[in-house]
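Here are the chains, one letter per residue:
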Amino acid sequence: MPKLNALVAGSTGYIGVQLIKLLVKHKYINIKYLCGNSSVGKHVKFYDKSLSKYKLPKILKFNKKLLKDVHIVFTALPNGEAQDISKHLSKNHTLIDLAADFRLEKASDYLKWYKQKHRATNLIKKSIYLLPEINRKEIKKYNIISCPGCYPTSILLPLFPLFKKNLIKLNNIIIDSKSGYSGAGRGVHKKYKDKNLYESLSAYGVGYHRHNSEIDQMLRKFTKKKFEFSFTPHLSPMFRGILSTIYVDLENNISQAKVLKTLTSFYQNESFVKILKPNSLLSTNEVINTNNCYISVCKSKYSNKIIILSTIDNLIKGGAGQAVQNLNNKFNFPEKTGLK
């Protein structure tokens, strides 16, 4: 089978570099172009020495003329820029966006949460928010694929089945998430230069983090009931990884064992989601450099409550790996291709 040509726009950020590291090992993909802005003319090995052994193109500034030679466009750009690129795509292109440009189904919601007008509103309905374990069957209908954010991936995977099966009460869900600082991008070092980034823990986006919007949007698809959740993200002094701790109240006559059985059954045929034995303690170390999500259901001191632990690598399952997983589903490649 001939390889598909890919263009990666935003190729020097943490997610972009991680994506390249996966694509160079993908047997069905040829990286035709790497694009950037301030990095034009440089080689991507400048940003990660492990890429020195691969023959990769030098970084160019994106030009729509480049699209005539590619099948797939990956965008790992600042919010808004994938919208501009999307206007130049033909029906023969597939856009896989790792930012937030097509995550929200309403342009008004995008304006509310991202404080900028959507510049490709006519394409929103032609795109899909794709969390493969949940809605991969819909992928064939769309050529614009939006990958979920890193925090929502760690949160939605454990909550989806519980919403779907009405196992938990919906009025008091508390989500506490901690991420490695790579989740804030390369600019994190300047942004947090006065906060002792490497030795302290920082809460941010309290009450109003942008990822609230996609968590809310996706959970609404699985219940007609009103629900409330509180989500607080934290930046931790590690480079990569996310650990989400989710506190939920059980519906009447629902046990920890029932929740565990439901999650195990829901994900029994999934390659990248693993439900651990009850009360297993989790660390990010167990999923670093993988496309896996590990989930543990733990008992609380209260019989009507449980605590769910969920961990992923924010740069892989929360970013580049999920993009490759979506690529594989779109083009009927074995789902593990490039992700072993």
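Please refer to the structure higher up on the page.
Rules used in this analysis
Residues numbered from 1 in each chain as written. Predicted model: local features only at pLDDT ≥ 70, side-chain atom pairs only at ≥ 80, totals over all residues. Heavy atoms only, no water. Helix = DSSP H or I, 4+ residues; strand = E, 2+ residues; numbered from the N terminus. Polar contact = N/O pair within 3.5 Å; in protein donor to acceptor, adjacent residues only side chain to side chain. Expected span 1.5 Å × (residues − 1). Buried < 20%, exposed > 50% of the residue type's maximum accessible area, 1.4 Å probe, protein only. Pairing = 2+ DSSP bridges. Contact = heavy atoms within 4.5 Å. Axes fitted to C-alpha atoms, helices over the stretch in contact; angles between N-to-C directions. Phe/Tyr/Trp six-rings, centres within 6.5 Å; stacked < 30°, edge-to-face > 60°. Right-handed = clockwise from strand over helix to strand, strands pointing away.

K.L.:
Looking at this model, I keep getting lost on the environment of E133. Mind explaining?
P.N.:
Relative to the helices and strands, E133 resides in helix 4 (residues 132-135). Polar side-chain contacts of E133 include one of 2.9 Å to the side chain of Q325.

K.L.:
What exactly am I supposed to notice about helix 5 (residues 150-164) here?
P.N.:
Because each turn of an α-helix spans 3.6 residues, side chains separated by three or four positions in sequence point in the same direction. Between its first and last C-alpha, helix 5 extends 22 Å over 15 residues, near the 21 Å set by a 1.5 Å rise per residue. Among the 15 residues that make up helix 5, 14 are buried, leaving the element largely enclosed by the rest of the structure. The first or second residue beyond helix 5 is N166, which carries a positive phi of 55°.

K.L.:
For this particular structure, what's the right way to read the sheet that holds strand 12 (residues 273-275)?
P.N.:
Hydrogen bonds between backbone groups are what pair the strands of a sheet, and the pairing can be parallel or antiparallel. The seven strands lie next to each other as 9-10-8-11-14-13-12, forming an open sheet whose pairing is mixed. This sheet does not close on itself; its edge strands, each paired only once, are strand 9 (202-203) and strand 12. Sheet topology note: the strand 9/strand 10 (residues 229-236) ladder contains two bridges and is antiparallel. Of the residues in strand 10, the one forming a bridge with A203 is H234. Together, strand 8 (173-180), strand 10, strand 11 (242-249), strand 12, strand 13 (293-299) and strand 14 (305-312) form the strand contacts of helix 5, whose direction differs from that of strand 11 by roughly 30°.

K.L.:
Mind showing me how you'd approach the packing of aromatic side chains here?
P.N.:
Under the counting rule described, the total for this entry stands at 11 aromatic pairs. When the centroid spacing of 5.4 Å and the interplanar angle of 85° are considered together, the rings of F163 and F227 count as edge-to-face. In this pair, F163 is assigned in helix 5 and F227 in the loop between helix 7 (211-219) and strand 10, connecting sequence segments 64 residues apart. With centroids separated by 6.0 Å and ring planes inclined at 20°, the aromatic side chains of F331 and F333 adopt a geometry described as stacked. Take F333: its relative accessible area is 6%, and that puts it in the buried class. Among the aromatic residues, ring-to-ring pairing joins Y14, Y181 and F239 into one connected group.

K.L.:
Teacher, can you tell me more about helix 1 (residues 14-23) here?
P.N.:
For helix 1, a buried count of eight out of 10 residues is recorded, marking the element as mostly surrounded by other parts of the structure. Every buried residue of helix 1 is accounted for by Y14, G16, V17, Q18, L19, I20, L22 and L23.

K.L.:
Got a minute to help me understand the side chain of N5 in this structure?
P.N.:
Examined against the element boundaries, N5 turns out to sit in strand 1 (residues 4-9). Here the side chain of N5 touches N30 through a polar contact of 2.8 Å, side chain to side chain. The residues contacting N5, other than those within four sequence positions of it, are N30, K32, D69, V70, H71 and I72.

K.L.:
Is there a simple way to think about the sheet that holds strand 5 (residues 94-97) in this case?
P.N.:
The seven strands are arranged 3-2-1-4-5-7-6 in an open sheet whose pairing can be described as parallel. Both outer strands of the open sheet, strand 3 (59-60) and strand 6 (127-129), are each paired with one neighbouring strand and no more. As paired strands, strand 5 and strand 7 (residues 144-146) are joined by three bridges and run parallel to one another. If you follow L95 over to strand 7, its bridge partner there is I144. Of the strands in this sheet, strand 1, strand 2 (29-35) and strand 4 (72-75) touch helix 1, which is tilted by about 155° from strand 2.

K.L.:
Whenever I open this one, the pairing of strand 5 confuses me. Can you help?
P.N.:
One face of the sheet, then the other: side chains in a regular strand alternate in exactly this way. The alternating pattern of strand 5 places T94 and I96 on one face and L95 and D97 on the opposite face, and all of these are buried. Both strand 4 and strand 5 contribute to a ladder of four bridges, which runs parallel. In the sheet register, I72 faces strand 5, and the bridge partner there is T94. What joins strand 4 to strand 5 is helix 2 (residues 81-86), and the crossover it makes is right-handed.

K.L.:
Mind showing me how you'd approach the environment of K330 here?
P.N.:
Take K330: it is sitting in helix 9 (residues 316-330). Residue classification places K330 among the buried residues on the basis of a relative accessible area of 12%. Each C-alpha atom of the pair K330 and R136 lies 8.5 Å from the other, and the pair is 194 residues apart in sequence. Not counting residues up to four positions away in its chain, the partners in contact with K330 are T94, I139, K140, Y142, N143 and I145. A distance of 3.1 Å separates a polar atom in the side chain of K330 from a polar atom in the side chain of N143.

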